[in-house]
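Here are the chains, one letter per residue:
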Amino acid sequence: AIGPGGHVTAGMEQAKRAANLPEILIPSLPLGDLENALKGSHVNIGPGGLSVDEIQVNSGQAVRLVGPLVLVTRNLTAEPGGTFLVDASSGPVVLHVLNEVSLQEKSTWQHEAGSPSDVSLFIHGAMPMDWSVGGVFRGAIVALEQDLALTAALDFKGSIAVQRLEILKGVEVHGSEDTVTAIAGIPSVPALVAWKFSDAPDAGILSL
């Protein structure tokens, strides 16, 4: 669904076939607690890998996600005035959210460094999202059971795989070549990995 003034740089024709998306596995990571780490006004998380109950960014707080980083969390929330900063200059930043995503209006997602193919947000389950965040998002959002509405407050470039996508008034969506062949290392199209010469079978069609 595209609202008045919405703009998409890719073609609008129907896909020729259904897309077979790769299986998304939730990584098994050591359990941790970020409660004390998230008390400062400027916080760095990563590099590393961790499974936590919640990542919450409060108003006036900035949390920088530094790759290579893999985080599994039940809830991902940002209050108005809270900011997520993504630094994928030294490696991928991958987030798996198992339950709730609540990025409220006047919260900010800011991409600082790294390729869009190095940033992935996987949202598992069907709990409705509050996706009112503004700022700059470079990367992939994979939420196969979710409805997502993009607003003009967020500058988005990358790839999206959702149940239903609504592009609201004034939104511009630009596909990124970086995310055509890979989403943080997960192939999105068949890739040639090996080849060999072999004898052709004895079939009549080959003599035509």
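Keep in mind that this is a model prediction, so the values were computed, not measured. (Residues numbered from 1 in each chain as written. Predicted model: local features only at pLDDT ≥ 70, side-chain atom pairs only at ≥ 80, totals over all residues. Heavy atoms only, no water.)

A.B. asks: Would you mind showing me how to read the overall build of the chain here?
C.D. replies: For the chain, the helix and strand inventory stands at 0 helices and 15 strands. At a minimum sequence separation of 6, the contacts of the chain that also span at least 24 residues come to 43%. As displayed, the chain offers around 11800 Å² of accessible surface, 52% of which is attributable to carbon and sulfur atoms. (Helix = DSSP H or I, 4+ residues; strand = E, 2+ residues; numbered from the N terminus. Contact = heavy atoms within 4.5 Å. Areas by Shrake-Rupley, 256 points an atom, 1.4 Å probe, with all protein chains shown as cover.)

A.B. asks: Any chance you could explain a nonpolar patch on the surface here in plain terms?
C.D. replies: A surface patch of nonpolar side chains, about 410 Å² in accessible area, is lined by Ile205, Leu206 and Leu208. Take Leu208: it is sitting in the segment after strand E15 (186-187). (Patch = residues over 30% accessible without salt bridge, like charges linked within 9 Å, V, L, I, M, F, W, Y side chains within 5 Å. Salt bridge = Lys/Arg side-chain N within 4 Å of Asp/Glu carboxyl O.)

A.B. asks: Looking at this structure, how should I read the confidence of the model for the chain?
C.D. replies: The predicted structure's coordinates, where accompanied by low pLDDT, should not be read in detail. In this model, the chain carries an average pLDDT of 83, and 84% of its residues clear a pLDDT of 70 or more. Scored below 50 in pLDDT, residues 187-192 makes 8 contacts in the model with residues more than four places away or belonging to other chains. (pLDDT = per-residue confidence, 0-100.)

A.B. asks: For this particular structure, what's the right way to read the nonpolar core?
C.D. replies: A general trend in soluble globular proteins is that nonpolar side chains are found buried together. Of all hydrophobic cores here, the largest spans 39 residues; its most connected members are Ile45, Leu65, Phe84, Leu103 and Trp131. Once you skip the residues sitting within four places of it in the chain, Ile45 turns out to touch Leu34, Leu38, Val63, Arg64, Leu65, Val66, Leu69 and Leu71. (Core = buried A, V, L, I, M, F, W, Y, C linked by side-chain atoms within 4.5 Å. Buried < 20%, exposed > 50% of the residue type's maximum accessible area, 1.4 Å probe, protein only.)

A.B. asks: Sorry if this is basic, but what is going on with the pattern of salt bridges here?
C.D. replies: Pairs can form between side chains of opposite charge whenever their charged atoms are close. Within the structure shown, the criterion is met by 4 salt bridges. Between Asp53 and Arg74 there is a salt bridge, with the nearest N and O atoms lying 3.9 Å from each other. You can see Asp53 sitting in strand E3 (residues 48-57) and its partner Arg74 sitting in strand E5 (residues 69-78), a full 21 residues away along the chain.

A.B. asks: What is the right way to look at unusual backbone geometry in this model?
C.D. replies: Following Gly46, the chain continues into Pro47 via a peptide bond in cis, with omega recorded as 0°. If you trace the backbone, Pro47 turns up in the loop between strand E2 (42-45) and E3. Going from Gly67 to Pro68, the amide bond is cis rather than trans, its omega being 0°. Mapped onto the secondary structure, Pro68 falls in the loop between strand E4 (62-66) and E5. Despite not being glycine, Lys106 shows a phi value in the positive range, around 75°.

A.B. asks: I would appreciate a short explanation of the packing of aromatic side chains in the present structure.
C.D. replies: Aromatic ring pairs are reported here in terms of the distance separating the ring centres and the angle at which the planes meet. The tally for this structure, following the rule as stated, stands at 4 aromatic pairs. Considering the side-chain rings of Trp109 and Phe137, the 5.2 Å spacing of their centres and the 35° angle between planes classify their relative orientation as tilted. One end of the pair, Trp109, is in strand E8 (residues 108-113); the other, Phe137, is in strand E11 (residues 134-150), with 28 residues separating them in the sequence. Its relative accessible area of 3% is what places Trp109 among the buried residues. Ring centres of Phe137 and Phe156 lie 5.3 Å apart, and the angle between their planes is 5°; on these two criteria the pair is classed as stacked. Of this pair, Phe137 sits in strand E11 while Phe156 is found in strand E12 (residues 154-167), placing the two residues 19 residues apart along the sequence. On the accessibility criterion, Phe156 (2% relative accessible area) is buried. (Phe/Tyr/Trp six-rings, centres within 6.5 Å; stacked < 30°, edge-to-face > 60°.)

A.B. asks: I tried to follow the environment of Val57 on my own but got confused; where do I start?
C.D. replies: Looking at the element boundaries, Val57 is found in strand E3. A C-alpha to C-alpha distance of 9.2 Å links Val57 and Leu103, two positions 46 residues apart in sequence. What Val57 contacts, discounting residues up to four positions off in sequence, is Val63, Thr77, Ala78, Glu79, Gly82, Thr83 and Phe84.

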